[in-house]
Structure formats: structure tokens, C-alpha cells
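A structural walkthrough
Given next are the chains, with one letter for each unit.
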Amino acid sequence: MPDSEGGSGMVPTWSSKGSPSIFATERRRRRTVSLCVFVSTLVCFCVLALALGLGLGLGWPRYRTICAAAPTPLNYSSYYGIPEDLDFVPIDRLINKAELELATGFAVTGGGKETTVCEYVFNVSQAYAAPDGFLKPMVLVNGQSPGPLIEANIGDTVRVHVHNQMANWSTTIHWHGINQVGTTWMDGVTGVSQCGIPPGQSFTYEFRVVGQRGTFWWHAHLSVQYSDGAYGAIVIHDPGEMVPETDDEKLIFVSDVYHTYGSVILTSYLNPASKWVPFESGVEPLADNILLNGQHTYNCSVVSTTYPPSSSSDQSSAPPSNCTGDGRLYSTRIEKNSKVRLRLINASSFFSYWFSVDNHTLSIVELDGVEIEPISARGVYLNLGQRVSVVLHANQRPGNYYMRATLQKTCFLPYAPYTSAGLESVGYATRGVLSYAAADDDDDDDVDAEISEPIGAAGKTTNPYGVENNGLRADTWEGCDDMPFDMPVPMRKQPAVDVSEANMHYIEYAFRQAQDTAYSPLPDNATLWKATEQNFSAGRAGSYNSWDFGLSQQVLLVPDAGRGAQIVINSHDAMEHPWHLHAPDLTPNDYSGHTFQVVGWGKGAFGSADSGTTWNLENPMRRDTVTVPAFNHVVIRFAADNPGLWALHCHVAWHIEGGMFLSIAERPSDLVGLINHMDPATREKSQSFCGMSGGHDQAFGSHPKYEGPTE
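Note that this is a predicted model, so its numbers are computed, not measured. (Residues numbered from 1 in each chain as written. Predicted model: local features only at pLDDT ≥ 70, side-chain atom pairs only at ≥ 80, totals over all residues. Heavy atoms only, no water.)

1. Details of the sheet that holds strand E11 (residues 214-220)
- The mixed open sheet is built from 4 strands, whose spatial order is E7-E12-E11-E9. With one partner strand each, in any of the chains shown, strand E7 (150-153) and strand E9 (173-176) form the two edges of the open sheet. Ignoring strand direction, the axes of neighbouring strands in this sheet form an average angle of 20°.
- Summarising the sheet, E9 and E11 pair through 4 bridges and their orientation is antiparallel. Bridge assignment links His176 to a residue of E11, and that residue is Trp217. (Pairing = 2+ DSSP bridges. Helix = DSSP H or I, 4+ residues; strand = E, 2+ residues; numbered from the N terminus. Axes fitted to C-alpha atoms, helices over the stretch in contact; angles between N-to-C directions.)

See the structure below:
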């Protein structure tokens, strides 16, 4: 495995202790100790530790380490119902910097003419780690978060062997933005395209990258596993990609982190009253921190207000502090006067951000795998699940500059009747350090060189788009929306697809969390397998489009081949929501990726007397995740040329679990034939998981669902 720091030598340490400067350097001096003295000392220490442990009745703690020692962890098994005997992963092992720097040596080949199979192995496990200096249990892939990078060339086949090494929890992996042409069973959505991979079992995902290029990502798609770290990047290379040439490129993830295990929070969220707001149901949990490339700092004196320790007078049930105070900021180097592509990915559970770099203008060149005419801007809005490529010109004075991802507070906080102490302490933002020196600086690659305080100024870090739709912004000039839908212009021009009446649907929502959610995954099956038994004839859909799948399912029928489909998404909600569509293609002749066309938008309800719709049918923007503004509507279209069962849902993790989720049955008659001709061994393997233990509600194994500590 590549060195996690992408090189050797001294590494700067970013400290979060107290309020002094977070920038410090540590010069390492090489010291030698004779092997005999070292071994003798180690043996004596171990014997003494064992004797003391046995003498005090403590025994050996059921807690292993990988590469480093760790502080004694909170007993999550007794307090939260988390499996025991978990490994500890130190930060240098957790963060694979070489992959984030795209320094993998991957061979980029041309145009899809010479294709190959890109093979990867994912080992999914639970472990302890401290991404911001606060120890918590995480769901990791190959012991890292962000997880392993997948790289492929256009036209390649990607094959990923997933081994579920968790003790009592199933999992699946979804390839967000990847076009599953003829492989709907590889989409990785629990309860839709497959049943979860049970503990101790393995499954191989295999799909061809057809006509796609750009930035994508993968994440676990069962419960809120990706909230605990199970996500990573996918980069599809194409020498013919229509973006400006650059000298370097980096991956930049922005994500939120909860210091309590995600499933514990989810259980509380779905209860009539939550740990954070005991007097009201359905209030989304606010994160404790925001991460940039899996890292940040945290003030150990701050106590979480989202999932605080027990307030019981009996403090034996309250968790001890798990804060080590050794969080760091992510840092990376570039060359002076170089042009660098930053591939931005929002892997958060709840928040959207405004991304900017101090003193630098960004050129936006890609949205969700679609090349666009470059847009010069001071920053860019990044909603959940979205990817944006920006080009930065390192033309400023040599030095260190902050990369910032800033939470737009008025888009979220007015709807929460409490404040996250953790977010308050970090200023509702995360930072990383972008460093470059003069071209003739001999110390540019010397990691032992002193790191100075960043220079430059933050400038405006608020989103200017959608200010008019932000009803609770007060005097703050802050929007909550994507850039105007007609602002980005795709480089590969495609007119809007023609649609048939049978392929048109209208959905509306006003999110109100209840304990009996509108949607929940089938417990022992997947709608894909049940679709082969359905009668999709007219009149059998039912008032809720549940067909014979059960009342917990809503399935929209798209039957007409060779014609497009149109879906109106109509918001009656005061918040914006990021809606993500899985896998339908755009055109039958040029697969441009897992995208839909944004052909219409407007205020109010679609078609109502007091609203209007703006149409763009000539060369509409294409995305796979779109922000639907508050009390607005958006009209999307896609070509009905990829038979399958595809999910359409809000990408807020808590809203998915709360029921903002439906499916699309695209050309079910053709789907039956597709399934009948799929590889028999793959079908048998996938269907064998249905009904096995470790399903959607098995996060705690034999433990019941956790209700929270008794106050």
C-alpha cells in the first residue's frame, strides 16, 4: 500500500489543544538504541503491565491496535451497543494521502479503444479512529476513510470484490454517478437492487464504464454507514475530456462527522423524541464537526450537544472523554504558477457548503461528471452527493492559503431548536492548507521546512445563489441553492429528450418526520427481484404506486421504450433538498453518464396559477444530484433506455431513513429478459443474501435497538 503521507521524512503536526496557533512543526532526530536493550526493556514492561493488570483485577483490555497505541476507549459495547474488540486505526493510517493526491501512477489510456479490467478489493470493517482528534467507532474500507480510490479509463470494466468483515451488520456499496448500463443489479442499493451482503459474506460488483468521464464517488448504501466513514472517490480518466489542461490534480472531500456512532443517532432520530431535542420529533441531528479530506481539529473542552453524556447523577453510566486533542488540518503542496484541478466531493450526511480558497479565483469546469464551459467564480456551492471540478491558478504570493468549506448557517440552523456546540466551536466551517513556494525555492519538497501561518484573506464565504428563496436569512445575504440552472452550459451539447405521456410523473413533498415512515427497505427481499413477479398493467398501481410491493414502497412506472421520461419534483418544504437519481441513461446513442437533464424550474407548485416554469430545452444542464429550492419545483428528463429498478431520493442521510425515497421501474418487460440472461452464479449469490441475518436493523447484532441511556 502506498505510504499514507506520499513520502518520507518529517510531517507537520496540526494541534487542536487550547487556542494558540494550530500550526506547529516537529523536527525528528534519529536516535539509536541497541537491539538487546530495546528487547529487554520491552519484555520487562510487558511483564510489569500484566502483573499490575492482574493484580488490580483489570486483565487485558479487549482492544487491539494497528500500528499505534491509543487512549483507552469508551466502552461502546456497554454504553451504545457497539461490537467489542475493535481495532484502533491511527490518523496516518486512516488517511491515504497518496490517493487523495492522485499520486497512484495510474496509466491513462486513450478514448476507450484499449480497455481493461480494473480490479479492487474492499474489506469492510468496524474500527476505532479519531479523524478530528475525538475517538469514535467507524465503518472503514481497507482500514481507511476516505476509502480506497477507484480509477479507471473510459470503457474499462470495474470489478470490486467486497468482503463484509463486520461482526453483525450487512452492507452494500453504491457507485454514485456511475451508469449501470445493463447491470441494474450492481447499483448497490439495499432493498432495491439487492439484499445486503451479510456479515462474513462477499460479493463481487462488476460493471463497465460506458461513455463516462470525470469525478464520481462510492459509498455504503445501508442505513447510515457512510456517515461513519464508508465512502471514497471514483475517477474516470479520458484523454478526450473537454476540460482545460492542468499541471496537477487533487481530491478534496468535505464531510460531516458525528462523535457518536451513526446507528445510535439514527435510532434516536426515528424515536418520538431524540437525545438532542427530547420535546420534538423529526429534528435532524447536527454534526459535531466538519472534515476536509477526513481530518480536522477539535477542542476537547467542548461537550457534544447532539449526543451528550448522560446527565444522570449516577455518573457511572456517562462516557469518559474520548478526545485526544491531536486533530490536524489536511495540507497539500502545489507548484508556484501551476494550474491545479481540485475534484470536490460532498460526502456529508446533512450539510451543503460553500467551497473557496483564500485569495484565489476558481474556474468551474465539471459538474457531476459533465464538462461545462468554464465559469470564473470566488467559490462554488456543493450540495450532498454532488461533485465539482475547479481549476486553481497558483499565481499568488508564495505561501500557505486556507481552503475553506463553510456551512451556510441560515439554510439549516433556523430549523433546529438547538445549537451544535461542536460546530459553534469550529465556526461552522472546516479548513485545509494549500501551500506553494517560489519556483526556485530549493526547499519546496522538503517536508522538514518550517510551515508558516497561512496568508491571505477569506473574503466572502457565503453562497450568493438562491438568496430570494431563503426565507429565514434575516439580514444575512446567504442563499441555499445551486447556481442558476441555466448558468452552466454543457460542453457536449444535447437537446432535451422527447417524452411520452406514459413516462411522465409528478411528485411533491413536505418533509415531516414520523415514526411510521413512508418508505422502508424490504426486510428480506429487493424490489428488483419482486419486479419479475409484478403485473404492471394499468389500474394495478394503487393510489400510492405501491403495486404489489407493499405499502412501504412507491414505484413509478416508465414503460415506453425509445422515449424520454419526465419527473416533476415539487417542494412544499421550507428547506432545500438534494435529489439524486440512480442510473438512467440520457441518450441511447451517446451514453453521457448517470445524469438527467434539468429542463424546467420555477417558484411554487408546477402548473399552478400563481407560478411559472422557465424551460431550457436546447442544451439543458445535466446532473445526477440536483438542489430543489424551498417552495419551488424542478423538472427533470432522461431517456428511457436502461431497463432497471432505480432509486430516486433526497441525499440527506436522515431523510432517506425518514422516507424521502422512491423507485423507478424502467421498462419492466425488458427488465425481466435482462434478469433472465444475467450470469446465473451472480444472481444466485445475490438472491441468497435475502433473508440472511445482519439486515437493515442489525447494527447491534443480538442487542435490541438502542433507546439511549436512562436519564
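2. A closer look at the side chain of His633
- Mapped onto the elements of the fold, His633 is located in strand E32 (residues 632-639).
- The exposure class of His633 is buried, given its relative accessible area of 0%.
- In terms of polar contacts, His633 uses its side chain to reach the backbone carbonyl oxygen of Gly604, at 2.8 Å.
- Apart from the residues lying within four places of it in its own chain, the contact partners of His633 are Ile569, Asn570, Gly600, Trp601, Gly602, Lys603, Gly604, Ala605, Phe606, Ser611, Gly612 and Thr613. (Buried < 20%, exposed > 50% of the residue type's maximum accessible area, 1.4 Å probe, protein only. Polar contact = N/O pair within 3.5 Å; in protein donor to acceptor, adjacent residues only side chain to side chain. Contact = heavy atoms within 4.5 Å.)

3. Digging into the pattern of salt bridges
- For the coordinates displayed, the defined rule picks out 18 salt bridges.
- Between Asp368 and Arg623 there is a salt bridge, with its nearest N and O atoms 3.1 Å apart. Here Asp368 is found in the loop between strand E18 (362-367) and strand E19 (370-377), whereas its partner Arg623 is found in strand E30 (residues 622-623), with 255 residues between them in sequence. Judged on exposure class, the residue Asp368 and its partner Arg623 are both buried. (Salt bridge = Lys/Arg side-chain N within 4 Å of Asp/Glu carboxyl O.)

4. With respect to unusual backbone geometry
- Residues Ser145 and Pro146 are joined by a peptide bond in cis, for which omega reads 0°.
- Within the fold, Pro146 resides in the loop between strand E6 (136-141) and E7.
- Of note in this structure, Tyr428 is not a glycine but carries a positive phi near 55°.
- Considering the arrangement of structural elements, one finds Tyr428 in the loop between helix H6 (421-425) and strand E23 (429-437).

5. Thoughts on helix H5 (residues 262-269)
- With 8 of 8 residues buried, H5 lies mostly within the body of the structure.
- Among all positions in H5, only Gly262, Ser263, Val264, Ile265, Leu266, Thr267, Ser268 and Tyr269 are buried.

6. Description of the packing of aromatic side chains
- The final tally for this structure, using the stated rule, is 23 aromatic pairs.
- Ring geometry for Phe203 and Phe689: centres 6.1 Å apart, planes at 75°, overall edge-to-face. With Phe203 in strand E10 (residues 202-208) and Phe689 in the segment after helix H10 (680-688), this pair connects stretches of sequence that are 486 residues apart.
- Following the ring pairs from residue to residue traces out a cluster consisting of Phe122, Trp175, Phe203, Tyr205, Phe207, Trp218 and Phe689.
- Positioned above the aromatic ring of Tyr330, the side-chain terminus of Lys97 is 5.4 Å from the ring centre.
- The ring of Tyr402 carries the charged tip of Arg431 above its face, separated from the ring centre by 4.4 Å. (Phe/Tyr/Trp six-rings, centres within 6.5 Å; stacked < 30°, edge-to-face > 60°. Lys NZ or Arg CZ within 6 Å of the ring centre and 35° of its normal.)

7. Topic: the nonpolar core
- Trp175 and Ile364 are the most contacted members of the largest nonpolar core, which totals 163 residues.
- No other element matches the 6 residues that strand E5 (residues 117-129) contributes to this core.
- Each residue touching Trp175, except ones within four places of it in the same chain, is listed here: Phe122, Ile150, Val160, Gln180, Met186, Asp187, Tyr205, Phe207, Trp217, Trp218 and Ile234.
- With 5 residues, the next largest nonpolar core counts Phe88, Tyr128, Ala130 and Leu135 among its residues. (Core = buried A, V, L, I, M, F, W, Y, C linked by side-chain atoms within 4.5 Å.)

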